[in-house]
Amino acid sequence: MTLVLGCIADDYTGASDLANTLTRAGLRTVQTIGVPPDDLALPEVDAVVVSLKSRSIEADLAVSRSRAAEKWLRSRGAGHVLFKICSTFDSTDAGNIGPVMDALRADSGDRIVLVTPAFPETGRTVYQGHLFVGLVPLNESPLKDHPLNPMHDSSLVRVLGRQSETKIGLVNLAVLAQGAAAVRTRLAGLVGEGIGAAIIDAVFDHDLETIGAVAIDHRLSVGASGIGLGLARALVASGRVKAHSAAADLGAPLGGPAACLAGSCSQATLGQIANAERLMPVLRLDPDRLVTARDEAGRALAWAKDRLGKRPLLIASSSSPEQVAAVQARHGRDAAGHAIEQAMADIAEGLVEAGVRRLVVAGGETSGAVVDRLGIPGFLVGAEIAAGVPVLRAVGARQGAMLLALKSGNFGGPAFFSDALRLMP
Ligand code: ADP
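Residues numbered from 1 in each chain as written. Predicted model: local features only at pLDDT ≥ 70, side-chain atom pairs only at ≥ 80, totals over all residues. Heavy atoms only, no water.

### Considerations on the overall build of the protein
Put simply, the rule reads: Runs of E in the DSSP output that reach at least two residues are strands. Runs of H or I that reach at least four are helices, and both are numbered from the N terminus. C-alpha atoms define the radius of gyration, and 2.2 Å times the number of residues to the power 0.38 defines the globule rule. Burial classification: accessible surface area is computed with a 1.4 Å probe over protein chains only, and a residue below 20% of its type maximum counts as buried, one above 50% as exposed, and the rest as partly exposed. Contacts: residue pairs with any heavy atoms within 4.5 Å of one another. Accessible surface is estimated by sampling points in the Shrake-Rupley manner with a 1.4 Å probe; for residues, cover comes only from the protein chains shown. His is not counted, nor are the chain ends, whereas Lys and Arg count as positive and Asp and Glu as negative. To locate a charge, take atom NZ for lysine, CZ for arginine, CG for aspartate or CD for glutamate.
Along the backbone of the protein there are 15 helices and 18 strands. Relative to a compact globule of 425 residues, whose C-alpha radius of gyration would be 22 Å, the protein shows 22 Å and is just as compact. Counting only C-alpha atoms, the protein reaches 70 × 45 × 35 Å along its principal axes. Taken across its 425 residues, the protein has 57% of its residues classed as buried. For the protein, long-range pairs separated by at least 24 residues make up 72% of all intrachain contacts whose partners lie at least 6 apart in sequence. Of the roughly 16,900 Å² that the protein leaves accessible, carbon and sulfur atoms contribute 53%. Within the protein, the 43 negative side-chain charges are centred at a point lying 5 Å from the centre of the 41 positive side-chain charges.

Now the structure itself:
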């Protein structure tokens, strides 16, 4: 199997978003958790997105992890590697976008790299090298107050210039509007000036297509899911990839017991749990006992084992904002959150040991804890249950074939749990 597109994402949710975007554009896509083992057996896929947690770590570490990911992707045949960053260019003068880009560029041998976080359909546009978030420039958006990387400058040429060893140029909208050939000519001119990376404007959705058509002939690009979409469309349009329908590619139905776990206390999830109560047995856990007594997870498993069978079931730690505040006041916010996540991971592990092969998890942190505990190295991305929440098929899992759905708290409609299970036969 030869990959056409390799991606390295600097955080997990960004990786999921990109993998979902590539899948919707027709690429068969696997998302891995960290750099996969050398011997990971992949199904037939077009793209792999390696999820790292490298956005806010030391630049040296971000560089070494990204290079290891790149090496893995190239060893699987990836001709093009996209370094996926946040669409609001989250970074500081110390990195990590510039240092990682410089290292990957050196490895790739490319003389110039196209860089753009633009994704017009989500309100991220770049004009004259300035990033806009919705209607306002980056430095007037809420990102100016970000706790880890406050963004005080909307000029990406300057922002990247402070992080990178190379000089940064600009391909503006006026050039882009003339088409791919004009962009290539402009890039050749920038190379002649000794410039190693170029911010490229994008204001309209179709700008991504021109960018993708140019970028795909390079070995490396840097950007958010927007440029990912441009690359995917270029691969399909050029015939290098045959567009697939995500729904058809998840393989044979698994059958067997199904279970849902909810650790999110968001408004949407609370409504979805109430809704599920009409359709399946629901166990509401005692959050205090989850924090203080190890037997609450055991009690949940005993309850589940009595009921596992033809009907799905739901186990929830979720409670109302007032109850959450009370639990946090008693145990501390981080300690309570961590203990409950670990208890949910215990329950997930026990359910899988008991034969569950179809698992729906509500809550971003809760999902992370569950996936870590199950030790699943990657997922093949399938059809969307709700916007941004696809069905996932485990790849390389020691437990064998499994279907999962992992959703952040606020995602999905009122019938999310039954919607998910319907797409997870
Ligand atoms: P979301 O995607 O909605 O943010 P997360 O799973 O990321 O959901 O975060 C929810 C956090 O709340 C987790 O740390 C979880 O362990 C914690 N939690 C779950 N149930 C309760 C509860 N009843 N009281 C306090 N904290 C809880």
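### Describing the domain arrangement of the protein
By a widespread convention, an interface's size corresponds to the accessible area lost as its parts come together. This is how it is decided: All domain edges in this entry derive from an automatic or database-based domain assignment. Here the buried area means the combined drop in accessible surface, using a 1.4 Å probe, for two parts upon being joined, counting both sides. Any carboxyl oxygen of Asp or Glu within 4 Å of a side-chain nitrogen of Lys or Arg constitutes a salt bridge here. When residues are sorted by character, Ala, Val, Leu, Ile, Met, Phe, Trp, Tyr, Cys and Pro go into the nonpolar class, Asp, Glu, Lys and Arg into the charged class, and all the rest, Gly among them, into the polar class.
Each assigned domain of the protein is listed here: domain 1 (5-237) and domain 2 (258-422). Computed from C-alpha atoms alone, the centre-to-centre distance between domain 1 and domain 2 is 33 Å. Both sides of the domain 1 and domain 2 interface together cover about 1,100 Å² of buried area, and 63% of this is carbon and sulfur. Summed over the three residues of domain 1 that lose the most area to domain 2, namely N20, Q31 and I33, the buried surface amounts to 38% of that side. Counting across the domain 1 and domain 2 interface gives zero salt bridges. Secondary structure elements with two or more residues in the side of domain 1 that touches domain 2: α1 (12-24) and β2 (29-33). By residue class, the composition of the side of domain 1 that touches domain 2 is nine nonpolar, five polar and one charged.

### Side note on the packing of aromatic side chains
Cut-off, in case you're wondering: By convention, a stacked pair of Phe, Tyr or Trp rings (six-membered ring in the case of Trp) has centres within 6.5 Å and planes under 30 degrees apart, an edge-to-face pair has planes over 60 apart, and any other such pair is tilted. A ring has a charge above it when a Lys NZ or an Arg CZ is no more than 6 Å from the ring centre and no more than 35 degrees off the ring normal.
Counting across every chain of the model gives one aromatic pair. Residues F416 and F417 carry aromatic rings whose centres are separated by 5.8 Å and whose planes lie at 70 degrees to one another, so their mutual orientation is edge-to-face. Assessed through its relative accessible area of 1%, F417 is described here as buried. Against the face of F416 rests K407, its NZ or CZ located 5.5 Å from the ring centre.

### Remarks on the site of the ligand
Threshold: Proximity criterion: a residue is near a molecule or strand once any of its heavy atoms comes within 4 Å of it. Under this definition, polar contacts are N or O atom pairs within 3.5 Å; protein pairs additionally need one hydrogen-donor-capable and one acceptor-capable atom, and for neighbouring residues in sequence, both atoms have to be side-chain atoms.
Every one of the 17 residues lining the ligand counts as a neighbour, but S264, E341, E365, T366 and G409 are closest to it. Between the ligand and S264, the relevant distance is 2.7 Å, taken from an oxygen atom to a side-chain nitrogen or oxygen of the residue. G337 is positioned such that a nitrogen or oxygen atom in its backbone is 2.9 Å from an oxygen atom of the ligand. Here the shell around the ligand is composed, by residue class, of five nonpolar, 10 polar and two charged.

### A short note on the state of the cysteines
Keep this limit in mind: A pair of sulfur atoms, both from cysteines and within 2.5 Å, is called a disulfide here.
One pass over the structure, following the stated rule, counts zero disulfides. We note that C86 lacks a disulfide partner, and the nearest cysteine sulfur, in C7, lies 16 Å from it. Residue C265 stays outside any disulfide, its sulfur separated by 16 Å from that of C260, the closest cysteine.

### Details of unusual backbone geometry
With an omega of 5 degrees, the peptide bond between G95 and N96 qualifies as cis. Tracing the backbone through its elements, the reader meets N96 in the loop between β4 (80-84) and α3 (97-108). Even without a glycine there, the phi angle at F89 is positive, about 60 degrees. When you line up the elements, F89 lands in the loop between β4 and α3. In this structure, Q128 takes a positive phi of about 50 degrees despite not being glycine. As for its position among the elements, Q128 is in the loop between β6 (124-127) and β7 (130-133). For Q128, a relative accessible area of 34% corresponds to the partly exposed category.

### Let's talk about the pattern of salt bridges
A complete count under the given rule lists 21 salt bridges for this structure. A salt bridge links R74 to E70; the nearest nitrogen and oxygen atoms lie 3.3 Å apart. In this pair, R74 and E70 both sit in helix α2 (residues 59-75), four residues apart, roughly one turn of the helix. The pair R74 / E70 is uniform in exposure class, with both members buried.

### Points about α3
To keep things clear, this is the line we draw: A helix is expected to span 1.5 Å for every residue after the first.
Taking 1.5 Å per residue as the helical rise, α3 with its 12 residues ought to reach 16 Å, and the 16 Å between its terminal C-alpha atoms agrees with that figure. For α3, the tally of buried residues reaches nine of 12 residues, placing the bulk of the element in the interior. Of the positions making up α3, those classed as buried are I97, G98, P99, V100, M101, D102, A103, L104 and S108. One or two positions beyond α3, positive phi appears at G109, with a value near 80 degrees.

### Points about the side chain of D46
Relative to the elements of secondary structure, D46 occurs in the loop between β2 and β3 (47-51). With a relative accessible area of 7%, D46 lands in the buried category. If near-sequence neighbours (up to four positions away) are discounted, D46 is found in contact with L3, V4, L5, G26, L27, R28, V241 and H244.

### A word on the nonpolar core
To keep things clear, this is the line we draw: Among buried residues, the Ala, Val, Leu, Ile, Met, Phe, Trp, Tyr and Cys ones that are joined through side-chain atoms within 4.5 Å form a nonpolar core.
One finds F89, I315, I347, L359 and F417 to be the most contacted residues of the largest nonpolar core, which totals 141 residues. The greatest single-element share of this core, amounting to seven residues, is contributed by helix α13 (residues 333-353). With residues near it in sequence (within four places) discarded, F417 still touches C260, A262, Q272, I273, A276, M280, L314, V360 and A362.

### Considering α2
In this model α2 runs 24 Å from its N-terminal to its C-terminal C-alpha over 17 residues, within 8% of the 24 Å that 1.5 Å per residue would give. If you check which residues of α2 are buried, you get A59, A62, V63, S66, A69, E70, W72, L73 and R74. Residues of α2 that are buried in the fold lie against β1 (5-9), β3, β4 and α3.

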